[in-house]
Amino acid sequence: MSRPLIVLLLVLALSGCATTKPQPAREIPPRHTMAEFRDQPFAYVYDPWEGFNRNMYRFNFYFDKYLYIPVVHGYEYVTPVFLQHRVSHFFSNIGELKNLTNSIFQLKGQEAGITLGRFLTNSTLGLGGLFDPATQWGLKPRPEDFGKTLGYWGVASGPYLVLPIFGPSSVRDTGGLAVDSGIRYGMYRVAEAPVDSDDSFAVALGIETLEAVDARHLQPFRYYESGFPFEYYLVRFVYHEKRELEATKPPPPSPAPK
């Protein structure tokens, strides 16, 4: 647990020196009751921990407003756009290993082959993933994660859950996130092996911090900027429906007519 805490402290320190443009103040809309959505499909998402989830949603708003987004703005201000793209491609290429393992777990041979081709192409011709020639050659990304793998094999999503910093999730996706994070941690440990032990921790800390900043940089969503008066319900519904569609195992092909 020491690394996430140190990463958070480092991000906190960076936010103090980040140079950002003034941002308009955002006010949290008043809380609305579920009765106002009694006849709406938003009410159909299983959310037995709504009180906790609402408080965590508000915590994420304040974390974004006073810490995460200022750091992201500072990163965008001091980093040329060309380098921002290279950083994003680099971490996307590392993520192909997660996509590959979960494609294999789901027995998706074609998707696994495409993902492996993307990783090898971008790792070599793309200079370690800094560029993405694979997409230009028709090898489109096949994003996968362990939450989708669990859903593919019939595991129900379970109650809706808002995680600190990570945001909307479910019990199933939270378990999947833990597995994917373990896979990522194992890859970093392998990458750290050739590095001098005195420097390996600093290198890993810098990589993890940069990855967190890049991930938020790529996510355009900002809390309470949707203009929707019931944003909590909207986000919950959209997230749930999206994940259910992604995790549904496709039906077997119909037999050919005789």
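Here's what I pulled together on the structure shown here. (Residues numbered from 1 in each chain as written. Predicted model: local features only at pLDDT ≥ 70, side-chain atom pairs only at ≥ 80, totals over all residues. Heavy atoms only, no water.)

### Here's the deal with the pairing of strand S2 (residues 167-170)
Turning to step 1, where the next piece is worked out: Alignment of strand S1 (residues 160-163) against S2, held across four bridges, turns out to be antiparallel. Paired with Tyr160 across the strands is Ser170, a residue of S2.
Turning to step 2, where the next piece is worked out: Connecting the antiparallel pair S1 and S2 is a turn made up of three residues, with Ile165 showing a positive phi of about 70 degrees. (Pairing = 2+ DSSP bridges. Helix = DSSP H or I, 4+ residues; strand = E, 2+ residues; numbered from the N terminus.)

### Structural notes on the pattern of salt bridges
Turning to step 1, where the next piece is worked out: All chains considered together, the criterion is met by 14 salt bridges.
Turning to step 2, where the next piece is worked out: With a shortest N-O distance of 3.1 Å, Arg54 and Glu50 are connected by a salt bridge. In this pair, Arg54 and Glu50 both sit in helix H2 (residues 50-78), four residues apart, roughly one turn of the helix. This pair shows no difference in class: Arg54 is buried, exactly as Glu50 is.
Turning to step 3, where the next piece is worked out: In this structure, Glu246 engages Lys242 in a salt bridge whose closest nitrogen and oxygen atoms are separated by 2.6 Å. Highlighted residues: Glu246 and Lys242, both in helix H9 (residues 231-247), separated by four residues, approximately one helical turn.
Turning to step 4, where the next piece is worked out: Residue class for Glu246 comes out partly exposed when judged on its relative accessible area of 29%. (Salt bridge = Lys/Arg side-chain N within 4 Å of Asp/Glu carboxyl O. Buried < 20%, exposed > 50% of the residue type's maximum accessible area, 1.4 Å probe, protein only.)

### Re the packing of H2 against H9
Turning to step 1, where the next piece is worked out: Between H2 and H9, the shortest axis-to-axis distance is 11 Å and the interhelical angle comes to 105 degrees. It follows that H2 is roughly perpendicular to H9 by the angle criterion. Residues Glu50, Asn53, Arg54 and Tyr57 of H2 lie in contact with H9, whose contacting residues are Glu231, Tyr232, Tyr233, Val235 and Arg236.
Turning to step 2, where the next piece is worked out: Class assignment for the residues of the contact of H2 with H9 results in four nonpolar, one polar and four charged. (Axes fitted to C-alpha atoms, helices over the stretch in contact; angles between N-to-C directions. Parallel < 35°, antiparallel > 145°, perpendicular 65-115°, else oblique. Contact = heavy atoms within 4.5 Å. Nonpolar A, V, L, I, M, F, W, Y, C, P; charged D, E, K, R; others polar.)

Geometric values such as these leave the question of function open.
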